[in-house]
Amino acid sequence: MDEVDTSGTAEWLSEAGRLQLGHCRACDAVHYYPRRACPFCSSLDVGRRESLGKGTIYSHSLTTRGPNGPYVLAYVTLDEGVSILTNIVDADPSTVTIGQSVEVVFKEQHSVLTPFFRPSA
Ligand SMILES: [Zn+2]
């Protein structure tokens, strides 16, 4: 039985179990995924910032022959302004639309809690 990593060691998962972004103290930009150097200005003065986990679908693509059935690949732009390549889950793929409001949901993938997005009210 695989163990789920809930220790906060996954860079996208805060200790409180929320989606975590990188934040550059030098240029004030947020980025995803969090990393040691800012992808915009190369500063090493980076920290972490929790995301509210809300956003909208910027673009999406339906793959009908996935290993576990159809799945939706999408870019979600978070309210914080950064875009994430992810999957849309817990939704009928035929109802997914650009501009749709979504929220993060963590699901286990390869024994790690991984951020996906689902439609929000
Ligand atoms: Zn920067």
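Scroll up for the structure.
I will try to describe carefully the structure that is included in this document. (Residues numbered from 1 in each chain as written. Predicted model: local features only at pLDDT ≥ 70, side-chain atom pairs only at ≥ 80, totals over all residues. Heavy atoms only, no water.)

1. Digging into the overall build of the protein chain
- Along the protein chain, the regular secondary structure elements total zero helices and eight strands.
- The order of helices and strands in the protein chain, counted from the N terminus, is β-β-β-β-β-β-β-β.
- Taken over the C-alpha trace, the protein chain has a radius of gyration of 15 Å; the compact-globule value for 121 residues is 14 Å, and the two agree within 12%.
- Reported as C-alpha extents along the three principal axes, the dimensions of the protein chain are approximately 40 × 40 × 25 Å. (Helix = DSSP H or I, 4+ residues; strand = E, 2+ residues; numbered from the N terminus. Rg over C-alpha atoms; globule rule 2.2 N^0.38 Å.)

2. Topic: the coordination of the zinc ion
- Surrounding the zinc ion are the protein donor atoms Cys-24 (SG), Cys-27 (SG), Cys-38 (SG) and Cys-41 (SG), at 2.3 Å.
- One way to put it: the four donor atoms around the zinc ion meet at angles of 104 to 119°, and that makes the site tetrahedral.
- Along the chain, the residues donating to the zinc ion are arranged with the sequence spacing C-x2-C-x10-C-x2-C. Separated by 11 residues along the polypeptide, Cys-27 in the loop between β1 (20-24) and β2 (30-31) and Cys-38 in the loop between β2 and β3 (46-50) bring together distant segments of the chain.
- Judged by its relative accessible area of 3%, Cys-38 falls in the buried class. (Donors = N, O, S within 2.8 Å, 3.2 Å for Na, K, Ca; no water. Tetrahedral: all angles 85-135°; square planar, octahedral: opposite > 155°, others 65-115°. Buried < 20%, exposed > 50% of the residue type's maximum accessible area, 1.4 Å probe, protein only.)

3. Topic: the environment of Val-82
- Relative to the elements of secondary structure, Val-82 occurs in the loop between β5 (71-78) and β6 (83-88).
- Look at Val-82 and you get buried, because its relative accessible area is 10%.
- Here the alpha-carbon distance between Val-82 and Gly-55, two residues 27 residues apart in the chain, equals 9.4 Å.
- Not counting residues up to four positions away in its chain, the partners in contact with Val-82 are Leu-21, Val-30, His-31, Tyr-32, Val-76 and Thr-77. (Contact = heavy atoms within 4.5 Å.)

4. Some remarks on the sheet that holds β3
- Ordered by their spatial adjacency, three strands build an open sheet running β2-β1-β3, and the pairing between neighbours is antiparallel. Of all the strands in the sheet, just β2 and β3 have a single pairing partner and so form its edges.
- Sheet topology places β1 next to β2; two bridges connect them, and they run antiparallel. Along β2, the bridge assignment pairs His-23 with Val-30. (Pairing = 2+ DSSP bridges.)

5. Things to note about the packing of aromatic side chains
- One pass over the full model with this rule turns up zero aromatic pairs.
- For the cation-ring pair, Arg-35 lies above Tyr-33, with the distance from its terminal atom to the ring centre recorded as 4.2 Å. (Phe/Tyr/Trp six-rings, centres within 6.5 Å; stacked < 30°, edge-to-face > 60°. Lys NZ or Arg CZ within 6 Å of the ring centre and 35° of its normal.)

6. Thoughts on the pairing of β1
- Judged by how many residues are buried, β1 sits mostly within the fold: five of five residues are covered.
- Side chains of β1 alternate between two faces, with Gln-20, Gly-22 and Cys-24 and Leu-21 and His-23 buried alike.
- Bridge count for β1 against β3 is five bridges, and the pairing is antiparallel. Bridge pairing links Gly-22 to Arg-48 in β3.
- Linking two consecutive strands that pair antiparallel, namely β1 and β2, is a turn of five residues; a positive phi of about 65° is found at Asp-28 within it.

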